[in-house]
Amino acid sequence: MKLWVLSDNNTLIDRYFLGEPAVSYYIEADGLRILFDTGYSDVFWKNAQALGLSLNGLSHIVLSHGHNDHTGGLALLAQERDLTHVQLVCHPRCLLPRWYEADEIGPPESGAILSLCQYRPSAQPLFLSKNCVFLGEIPVSHSFEQRRPLGRVLLDGTQQPDLLLDDSALAIRTGEGLFIVTGCSHSGICNIVSYACAVCGDSRVAGIIGGFHLPRVNSRVEKTAEFLASLHPGPLYPCHCVSLAAKCRLMRSLDVREVGSGMCIQL
Ligand SMILES: [Zn+2]
Ligand SMILES: [Zn+2]
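Structure report, in brief.

The rules behind these values
Residues numbered from 1 in each chain as written. Chains lettered and ligands numbered in written order. Predicted model: local features only at pLDDT ≥ 70, side-chain atom pairs only at ≥ 80, totals over all residues. Helix = DSSP H or I, 4+ residues; strand = E, 2+ residues; numbered from the N terminus. Rg over C-alpha atoms; globule rule 2.2 N^0.38 Å. Buried ≥ 20, exposed ≤ 12 C-beta atoms within 10 Å, placed from the backbone. Contact = placed C-beta atoms within 7 Å. Pairing = 2+ DSSP bridges. Axes fitted to C-alpha atoms, helices over the stretch in contact; angles between N-to-C directions. Arc of directions from axis to C-beta. Core = buried A, V, L, I, M, F, W, Y, C linked by C-beta atoms within 7 Å.

All right, on to the overall build of the protein then. Helix and strand counts for the protein come out as seven helices and 17 strands. Its C-alpha atoms give the protein a radius of gyration of 17 Å, near enough to 18 Å, the size a compact globule of 267 residues would have. Considering the protein as a whole, with its 267 residues, one finds that 49% of them fall into the buried category. Relative to all contacts within the protein whose residues are 6 or more apart in sequence, the contacts with residues 24 or more apart total 74%.

Dropping the structure here:
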């Protein structure tokens, strides 16, 4: 498995890529070529070009959830590349319009995009290949990670509190265990990891990259650190919506690595 960071909040010294508060990864695994999230703007595209990644011949676009810092680049990709044979995988609620206070924070208008690719919505785990699975809707299995509404989503013609049921992740089986790729982990990073292990029948975690949704140090971070440490995972790459203070707390008991645009992880 090989993963390139196309868009991240952070940039790395002497690596001249662009950053923005967003997520986009390009993943080659199990014969698949996956674009996981598309960032907020054209940054994922520019960084892919700078890395020499054409994003031609994608097998899948996987969207972690519908927020615009994960889906904003979709329209650009649809303009630049033929997506006729590309499967767009996400939760059925992912592409619904959403708002936070007065701001629109949902995906770009998706009607035209869906007609250009093969739309594969799934609330159930969906194996993209033998060893790579989109997890679908994440059940709550840790009491400290209950769902809380964030903004509003358009459901049945009315704006309703958004529980972000669409927030999901990707799990890839490797020889060393699961490598888990998250967007924002609104569903809870521990809920996601537990579900990935159950779906894949493997309790070994080789690594995790993505947002863990830990903006501050509180009891949730303590419990997250305790749970993750109990799994004895490989390197963790918490980024995007994880504060420096929360990373420092995780680092006390876990192997936490830095993330930045342009970096590559290979397992
Ligand atoms: Zn989000
Ligand atoms: Zn986000």
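Moving on, we come to unusual backbone geometry. Its identity is not glycine, yet Glu 101 carries a phi of approximately 50°, on the positive side. According to the C-beta neighbour criterion, Glu 101 is exposed, with 7 such atoms within 10 Å. The backbone of His 213 sits at a positive phi, close to 50°, despite the residue not being glycine. The topology assignment puts His 213 in the loop between β15 (205–211) and α6 (219–230). On the neighbour-count criterion, His 213 (25 C-beta atoms within 10 Å) is buried.

With that settled, consider the pairing of strand β9 (residues 126–129). Across three bridges, the pairing between β9 and strand β10 (residues 132–134) is antiparallel. Bridging from a neighbouring strand, Leu 126 pairs with Phe 134 of β10. Counting the residues in the hairpin turn of β9 and β10 gives two residues.

Here we take up the sheet that holds strand β3 (residues 32–36). Across the sheet, which stays open at both edges, the seven strands sit in the order β8-β5-β4-β3-β2-β1-β17 with mixed pairing between neighbours. Edge positions in the sheet fall to β8 (118–121) and β17 (264–266), since each of these pairs with one other strand and no more. Taking each pair of neighbouring strands and ignoring which way they run, the sheet shows an average axis angle of 20°. Relative to β17, strand β1 (residues 2–7) runs antiparallel, the two being bridged by three bridges. Its bridge partner lying in β17, Leu 3 is registered against Ile 265. Lying on the sheet, helix α1 (residues 43–51) is in contact with β1 and β2 (24–29); it crosses β1 at an angle near 130°.

This part is about the sheet that holds strand β7 (residues 103–104). The strand order β7-β6-β11-β12 describes an open sheet built from four strands, whose pairing is antiparallel. Here the strands that pair on one side only, and so sit at the sheet edges, are β7 and β12 (158–161). The pairing of strand β11 (residues 152–155) with β12 spans four bridges and is classified as antiparallel. Bridge pairing links Leu 154 to Gln 159 in β12.

Now for the pairing of β2. Taking burial as the measure, the six residues of β2 include five buried ones, the bulk of the element. Pairing of β1 with β2 involves five bridges; the strand directions are antiparallel. Looking across to β2, one finds that Leu 3 is bridged to Ile 27. Taken together, the five bridges between β2 and β3 define a ladder with antiparallel strand orientation.

A few words on α1. Listing the buried residues of α1 in full gives Val 43, Phe 44, Trp 45, Asn 47 and Ala 48. Just downstream of α1 lies Gly 52, where phi reads positive at about 80°.

Next up on the list: helix α7 (residues 244–251). One turn of the α-helix equals 3.6 residues, which is why residues spaced by three or four share an orientation. Regarding α7, the residues found buried are Ala 246, Lys 247, Arg 249 and Leu 250. Considered in projection along α7, the buried side chains sweep an arc of 160° and stay on one side of the axis. Turned more than 90 degrees away from the buried face of α7, the exposed residues are Leu 244 and Cys 248. Lining the buried residues of α7 we find α6 and β16 (236–239).

Before going further, it helps to examine the nonpolar core. Grouped together as the largest cluster of nonpolar side chains are 74 residues, with contacts concentrated most on Ala 171, Ile 180 and Ala 196. The residues touching Ala 196, leaving out its near neighbours within four places in the chain, are Leu 135, Ala 169, Ala 171, Leu 178 and Ile 180.

Function-wise, these values are silent; they only describe arrangement.
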